[in-house]
Amino acid sequence: MNAKKKLPIGVQSFRKIREGDYYYVDKTGFILGLIEEGSYYFLSRPRRFGKSLLVDTLKELFSGSREFFAGLYAEGHWDWSVSHPVLLFSFAGGVLGSVADLQNHLERQLDLHEKALGVEAHYPEIRSRFADLILQAHRQSGRQVVILVDEYDKPILDAIADREEAARVRDVLRDFYSVIKDNDAHIRFAFLTGVSKFSKAGIFSGLNNLRDITVEAPYSAICGYTEEDLEAVFAPELPGLDRALIREWYDGYNWLGESVYNPFDVLLLFSKRTFGAYWFESGTPTFLVKLLLERGVFTPSLGQTVASEMLLSTFDVDTMPVEALLFQTGYLTFAGTRRMGARTEYRLGYPNLEVQSALNDVLLKSLLADPGAAEGVVSRLYDVLSTADFDALEAHFRALFAAIPADWHRKNAIAEYEGYYASVFYSHFAALGLDIRVEDATSRGRVDMTVLFEGRVFVFEFKVVELEPEGRALEQILARRYADKYLDLGRPIHLIGVEFSRKERNLCTFEVRSLAPPPAGQNG
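What counts as what
- Residues numbered from 1 in each chain as written.
- Predicted model: local features only at pLDDT ≥ 70, side-chain atom pairs only at ≥ 80, totals over all residues.
- Heavy atoms only, no water.
- Phe/Tyr/Trp six-rings, centres within 6.5 Å; stacked < 30°, edge-to-face > 60°.
- Helix = DSSP H or I, 4+ residues; strand = E, 2+ residues; numbered from the N terminus.
- Buried < 20%, exposed > 50% of the residue type's maximum accessible area, 1.4 Å probe, protein only.
- Lys NZ or Arg CZ within 6 Å of the ring centre and 35° of its normal.
- Salt bridge = Lys/Arg side-chain N within 4 Å of Asp/Glu carboxyl O.
- Core = buried A, V, L, I, M, F, W, Y, C linked by side-chain atoms within 4.5 Å.
- Axes fitted to C-alpha atoms, helices over the stretch in contact; angles between N-to-C directions.
- Parallel < 35°, antiparallel > 145°, perpendicular 65-115°, else oblique.
- Left-handed = near helix turned anticlockwise from the far one by under 90°.
- Contact = heavy atoms within 4.5 Å.
- Pairing = 2+ DSSP bridges.

So, on to the packing of aromatic side chains. A complete count under the given rule lists 44 aromatic pairs for this structure. Seen in terms of ring centroids, Phe397 and Phe429 are 5.9 Å apart; in terms of plane orientation they differ by 20 degrees. Their pairing is stacked. One end of the pair, Phe397, is in helix H17 (residues 390–402); the other, Phe429, is in helix H19 (residues 419–430), with 32 residues separating them in the sequence. Phe429 shares its class with Phe397; the two are buried. Above the ring of Trp255, the side-chain terminus of Arg45 is found at 3.9 Å from the ring centroid. A cation sits over an aromatic face here: Arg47 above Trp279, 4.4 Å from the ring centre.

Following this line, the structure appears as structure tokens:
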């Protein structure tokens, strides 16, 4: 087994990693592939996925820093006799929530590059100053320039709560990035990374020669750790940890190619030796949750979203499809594709247990009037399920909905739409990180929700009624024989019909029918 090394938690400097005896997953094969295939690229990945390290690796490669690539793929496959001037613009640090903040930041970075190259600024205006810097860097070195932009979209996202200011920030960036296209003769390579993929009609209208490799299968694993990486690079860290649990918690991110683990989560797991929602907790998605609630998103359907290629790329300050936002920020990932003539349809799902549990925990707290109370009810639900005490389960949910004051319903549109009750119900279970199947297909229809927990199967059907209980929920489960699909599991099956009264804003029916496991060899 290889010797243990330092864990590069939060380290984004390629040079520091290579000099400091940190673990490093070699991505230089991907990098050389990009350079051989073209010159202008864009890559979108969620936060804390290694984009900054990738950009810094490109900087050291084009700068000719051979000593840091010893033993890596690039060492024997790169012409180290040639180096290029590199202009790296990073928006990763700090908050740039206004045009003034952005302009000051750009001026500081231009100033640093000018001083490093020993050139003078001939223009006060940012766009012209950037263009002149590229020209002078090329002339001075005799080599074309490499331009790297890390977190190109962060200034827009920093200002996103104020749509008008965000639009102004976008326009400044669009003007700045258009310089790259205008100076093609002086540029050897350009690489932009970010979280969101803004539409070409928005920020990229002046830079339409970028090749977007976000969902190109060969580059699915350009950021993140593969299964092979964990087994080879991090082998010294694995003893004492359940490999299946690591996979369940942190694997599953996919961009139409090889799936990868979240690197931030994996490194913290190796450090702390316990499982936790490390990536999710490192950045509370306040804006995302607010948008989901404003749109009245039906939370049980989030884990099996369907979207077109066009919808996923239709993203701008004024147009933010929920599907695109969830995908680009890493809360949903590709789970399958279907070709329909000239159209490609994507099926999106939660990448792993961490995201499913943590996102629904935040959503549940937002769906309820008292976020503090939501914390306690989740643990009570676990205790009730463990004992399969259905009287207690019914009482638990009645108390949960009864605790939501009428004033909450009047002030929050989310509490008035029909899916609100089922959303609270579902997110309540999902926050526990249980094995949940939503809209699970059977030969006679789709089950609203199935929960597999501690050797039992719980089959739920939801209905919303206007006034009086109708008893149709359990009736549908029985009539359509939803239990048949789970008989072969050999577990006790509990069929639960739940009806919500729109008038009373609470459960009005909670019916249970329990089935004992069938004798061995029989499926009923």
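Right, let's talk about the pattern of salt bridges for a bit. What the rule picks out here adds up to 28 salt bridges. With a closest N to O distance of 3.3 Å, Asp56 and Lys59 form a salt bridge. With Asp56 and Lys59 both in helix H3 (residues 51–62) and 3 residues apart, the pair spans about one turn of that helix. Under the relative-accessibility criterion, Lys59 is labelled partly exposed at 25%. A salt bridge links Arg481 to Asp484, with the shortest nitrogen-to-oxygen separation between them at 2.7 Å. In this structure, a network of salt bridges that share partners links the residues Arg15, Asp56, Lys59 and Glu60.

This part takes up the nonpolar core. In terms of nonpolar packing, the biggest core is built from 168 residues, with Phe130, Phe191, Phe429 and Phe460 touching the most fellow members. Sort the elements by how many residues they give to this core and helix H7 (residues 163–182) lands first, with 9 residues. Counting 11 residues, the second largest nonpolar core, distinct from the first, contains Leu452, Leu474, Tyr482 and Leu487.

Moving on to the packing of helix H15 (residues 353–367) against helix H16 (residues 371–387). Two elements in contact, H15 and H16, have axes separated by 8 Å at closest approach and are oriented at 130 degrees. In terms of axis orientation, H15 runs oblique to H16. Between H15 and H16 the crossing geometry is right-handed. Contacts between H15 and H16 involve Asp361, Leu364 and Lys365 from the first element and Pro371, Ala374, Glu375 and Val378 from the second.

Spatial ordering of the open sheet is given by E6-E8-E7, a layout of 3 strands whose pairing is antiparallel. Two strands lie at the open edges of the sheet, namely strand E6 (305–308) and strand E7 (333–340), each paired on one side alone. The sheet shows a mean angle of 25 degrees between the axes of neighbouring strands, direction not considered. Pairing of E6 with strand E8 (residues 343–349), which is carried by 4 bridges, proceeds in the antiparallel orientation.

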